[in-house]
Each structure stands twice: as C-alpha cells, then as structure tokens.
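Given next are the chains, with one letter for each unit.
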Amino acid sequence: MEADFSGGHISSDAGLLLLREVDKCHGLTHQLAKALNDSRTNSKVRHSLHSMVAQRVYGLAAGYEDFNDHQQLRFDQILQSAIGRDEVLAGKSTLSRMERGVDRQAIVEAHRVLWQQFIDQHEKPPKELTLDFDGTDIPLHGDQPEKHFHRYYDHHCYLPLYVFCGRHLLVSYLRPSYYSDARHSWAILALLVRFIRQHWPQTRIVFRGDAGFYRPKLLNWCDRHGVDYLVGFSKNSKLLKEVDAPMQRVRHYYQQSGEKMAGVYRFQYRAKRWQRPRWIVSRLEYGELGANPRFIISSRYDDGVKLYYQRYCARGDMENRIKDQQLDLFAGRSSSTDWWANQWRLLLSGFAYTLFERLRRHLKNTAFERMSVHNLRLKLIKVAAVVIRNTRRIRLMISENYPWKDELSQLLGRLVPT
C-alpha cells in the first residue's frame, strides 16, 4: 500500500454547485448582500459583499460553522466555482470585518428579504396563513454583550425569537435572556401583518404561540385588526373549577379502563383584564399521575378537537425547523463580543436554511423531498469529486459508485439551462 499527495485537487463539497444553481434561481444571496452598506474604498476592494455573503452561507450549508474554517476553505476550488471566482476567497479576517460592520438597519433589510422571498414563493394569494411564534436558547460561554443567566435553562444564554409560516422562516431575532418569550412579539406581528396585507389583503392571518406569548393587550390588538389567534393559556383556579365536572367524567373512564384517557371541553371565559369573553378549549387528560389539563384561547368558534389537536398541536412542527438551524446550521454560534455580529450570524443560519428550503421545491416527488437538512447535506452536498479547472471549463469527476447519481443528474438538468 502506497500513499502520496499527487491526486490533484479533490473537494468533499461538490454539491455546493447544486446550491449555487438554486441560489441563482431565487437570488437569495444577491438580495442579502444588498442589505449591507459597503463603506470600503472601491479601488481597494478585492472581495465583493456578495462573494463574502455567499461564501458564508454556502459554508454553513456545507457544515462549516465559523469563519475561521474559511482560512483553509478559501482555497477550495468547488467553493470558488460556486461563488463564480477563480482565485483565493476571503479569509477569516476579511469575513470578520464584514460581520462587525453589520448594524441594525442591515438586520431590518435582511428580514425584508426573507419576507419578500416568502411572498415570491406563492403563485397566488393563500386563503389563510398561520404565523408560528416560538423562542429558544443559545448557550453563552464568553464575554458576549447582554449576557445573563436564565433560571429555566440553567445557564447563561440568549433567547432568540423565531417566526415561521409552515416551513418558511420569517423572523430570526436575537434577544437577551432577561426578556420574556412575548417581548417584541407584538411589534413583529404588527409589522408582518402590515407587510402581508400589502400583497394579500384578503388573506386570513392566524397568530399561534404557546402560553409564553399570551398577553391581553396583544390579543386585543388582534381583535381590532382582524387577526385570529390560537394561544396557550396557563391554568388557574377559576379555569380548573370550570372544567371540574368534565374532568371527573374523564377520571371515571380512566378508572374503568385503566388506560390514560383524554377529552376536549370548550367554553367561554372572561378574565378580569379582558374586554370581552373568549373561547377556551381545554384538553382534559387523566392518567397514572392524575389530572393534566391544558388550555388554549381561540378567536374562532370551531370544533374543540380540531382546534386543539389539528390546529394548535401542529405548532410542534416549528420546533423541528428550529432544530434544523440550531443543530445543523449553527444558529447558536454567538461567540462575538459585538451584538449585531451575533445577530448577523443568526440570520446567516436562517438564510442557509432558506436555501435548503428552496432546494426542496426542486426535489418534489423524489426520495429527498422530506429529508432533514442533515440528510440533504450528507447525500447531496458532501459529494467528493476530483476538480479539473482551466481557462475554458471546470470538470468534476465524481465516483461512479455515488448512490444517487441518477437523481443528481436529473436535478441538475432541471436547474441548469441548456
């Protein structure tokens, strides 16, 4: 057995050229780069904002979590070709200066890009949209600004707010952990509703969140502006008294069958701070550990089982979308001592996620359509290839035993114009 380094240029990320074609179709990184303000002297610029933004987004998509990785990655000919360059890409210092130059206005403009991308993905106005709000934690271990200890998560962290509509990411907003889940959600909901209704004035909008997003003033705003809502509601003595009789029936059925039983009970309720009564849907469950009631507030009069199990519980799918970003696209990489740089990294992860979601549109009716980001990266992006590049063309030689060569060839045929 012999080993040497005469194999030429070999890359493990040939699938980045696939993401490049998806990006060209939707203009994602081009639009994101326009959100940044370039204050550099033109005569001294070697790397455009677009090339650096694309470099970071493609790097995250390929599994490289930090700009330190680009110190070696900048020599990769696949990444260079994906960005449209035939020379060494930006190093870690250049990428760091770009990130530290991000300000609040750039973050606002980047979110507008996400919103416009969301609108552009629909051929006609939808009848109804459900906006899912949820928060999560990003552990901190250094001297980041606004670093605080959170009792629930039991560590120092940030508490970003995510907003999704189905699989579409709309908001990825960094917050200190001393804020509650509902902090800034009212303002963000108002901006989203205004933006959506500028394009689709007849579309019905539903605000959905767990009990952490319950605020009486927020629900009053929804009532005034014609926004429906499904929001979790913490139990109290009055609610428990209201459902005492139906809970006893659930308990009776449990004692007869010996198996956990659950039922749904719907009723009207008015808290002291409410301007009018609202519908409460209670999920009454009884098992070995005793009673376990849950409550949600609904602006609609509808079947209780449908409201709780089909409409409200569906928000759990949003947590899978957050995991895609937190676990596979490094949204938790908030190690900078600059606040807006950390917010920018959170957004870059969101744009990498959005790029994968745009890829899914071209994967309909294939085995890849419902794969996680991790599996899409493993099967379509992390593809080893020998790279032969000259002044006329770039040639990739992929293993003849690559298991999805037929699917990859068909996908490239759809994306690359002949």
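Up top is the structure these notes are about.
Let me begin by describing the structure that accompanies this report. (Residues numbered from 1 in each chain as written. Predicted model: local features only at pLDDT ≥ 70, side-chain atom pairs only at ≥ 80, totals over all residues. Heavy atoms only, no water.)

So, the overall build of the chain
Phase 1: In terms of regular secondary structure, the chain is built from 16 helices and 15 strands.
Phase 2: Expressed along its principal axes, the backbone C-alpha trace of the chain runs to roughly 80 × 50 × 45 Å.
Phase 3: Buried positions account for 51% of the 418 residues belonging to the chain.
Phase 4: Sequence-distant contacts, at least 24 apart, represent 66% of the contacts inside the chain between residues at least 6 apart.
Phase 5: Within the structure as shown, the chain displays about 21600 Å² of accessible surface, and the carbon and sulfur contribution to it stands at 47%.
Phase 6: For the chain, the separation between the mean place of its 64 positive charges and that of its 45 negative charges on side chains is 6 Å. (Helix = DSSP H or I, 4+ residues; strand = E, 2+ residues; numbered from the N terminus. Buried < 20%, exposed > 50% of the residue type's maximum accessible area, 1.4 Å probe, protein only. Contact = heavy atoms within 4.5 Å. Areas by Shrake-Rupley, 256 points an atom, 1.4 Å probe, with all protein chains shown as cover. Lys, Arg positive; Asp, Glu negative; His and termini not counted. Charge placed at Lys NZ, Arg CZ, Asp CG, Glu CD.)

Quick notes on the pattern of salt bridges
Phase 1: Tallying each qualifying case throughout the model produces 25 salt bridges.
Phase 2: For Arg 85, the salt bridge identified is with Glu 87, shortest N-O distance 2.5 Å.
Phase 3: When its relative accessible area of 17% is taken as the criterion, Arg 85 is described as buried.
Phase 4: In this structure, the salt-bridge partner of Glu 109 is Arg 112, at a minimum N-O distance of 2.7 Å. Placement of the pair is Glu 109 and Arg 112 together in helix α7 (residues 104-120), with a separation of 3 residues, close to one helical turn.
Phase 5: A single network of salt bridges, built from pairs that share partners, joins Glu 128, Arg 204, Asp 228, Arg 300 and Arg 311. (Salt bridge = Lys/Arg side-chain N within 4 Å of Asp/Glu carboxyl O.)

Thoughts on the nonpolar core
Phase 1: Ranked by internal contacts, the top residues of the largest apolar core, which has 117 residues, are Leu 131, Phe 133 and Phe 207.
Phase 2: The element that contributes the greatest number of residues to this core is helix α14 (residues 339-361), accounting for 11 residues.
Phase 3: Grouped together as the second largest cluster of nonpolar side chains are 6 residues, Ile 296, Leu 307, Tyr 308 and Tyr 312 included. (Core = buried A, V, L, I, M, F, W, Y, C linked by side-chain atoms within 4.5 Å.)

Side note on the packing of aromatic side chains
Phase 1: By the definition in use, this model includes 21 aromatic pairs.
Phase 2: Taking 5.1 Å as the distance between ring centres and 75° as the angle between the ring planes, the aromatic pair formed by Tyr 158 and Trp 339 counts as edge-to-face. Of this pair, Tyr 158 sits in strand β5 (residues 155-158) while Trp 339 is found in helix α14, placing the two residues 181 residues apart along the sequence. Comparing Tyr 158 with Trp 339 shows no difference in burial state: the two are buried.
Phase 3: Their ring planes at 90° and their centres at 5.9 Å tell us that Phe 164 and Tyr 353 sit as a pair that is edge-to-face. (Phe/Tyr/Trp six-rings, centres within 6.5 Å; stacked < 30°, edge-to-face > 60°.)

Topic: the sheet that holds strand β4 (residues 148-150)
Phase 1: Here 3 strands make up an open sheet; going across it, the order is β3-β5-β4 and the pairing antiparallel. The open sheet has two edge strands, β3 (138-139) and β4, and neither has a second partner. (Pairing = 2+ DSSP bridges.)

A look at α14
Phase 1: The end-to-end C-alpha distance of α14 is 34 Å, a good match for the 33 Å that 23 residues give at a rise of 1.5 Å each.
Phase 2: The element α14 is largely enclosed, with a buried count of 21 among its 23 residues.
Phase 3: The N-cap of α14, judged by a side-chain oxygen 3.1 Å from the amide nitrogen of Trp 340 a few residues on, is Asp 338. (Expected span 1.5 Å × (residues − 1). Polar contact = N/O pair within 3.5 Å; in protein donor to acceptor, adjacent residues only side chain to side chain.)

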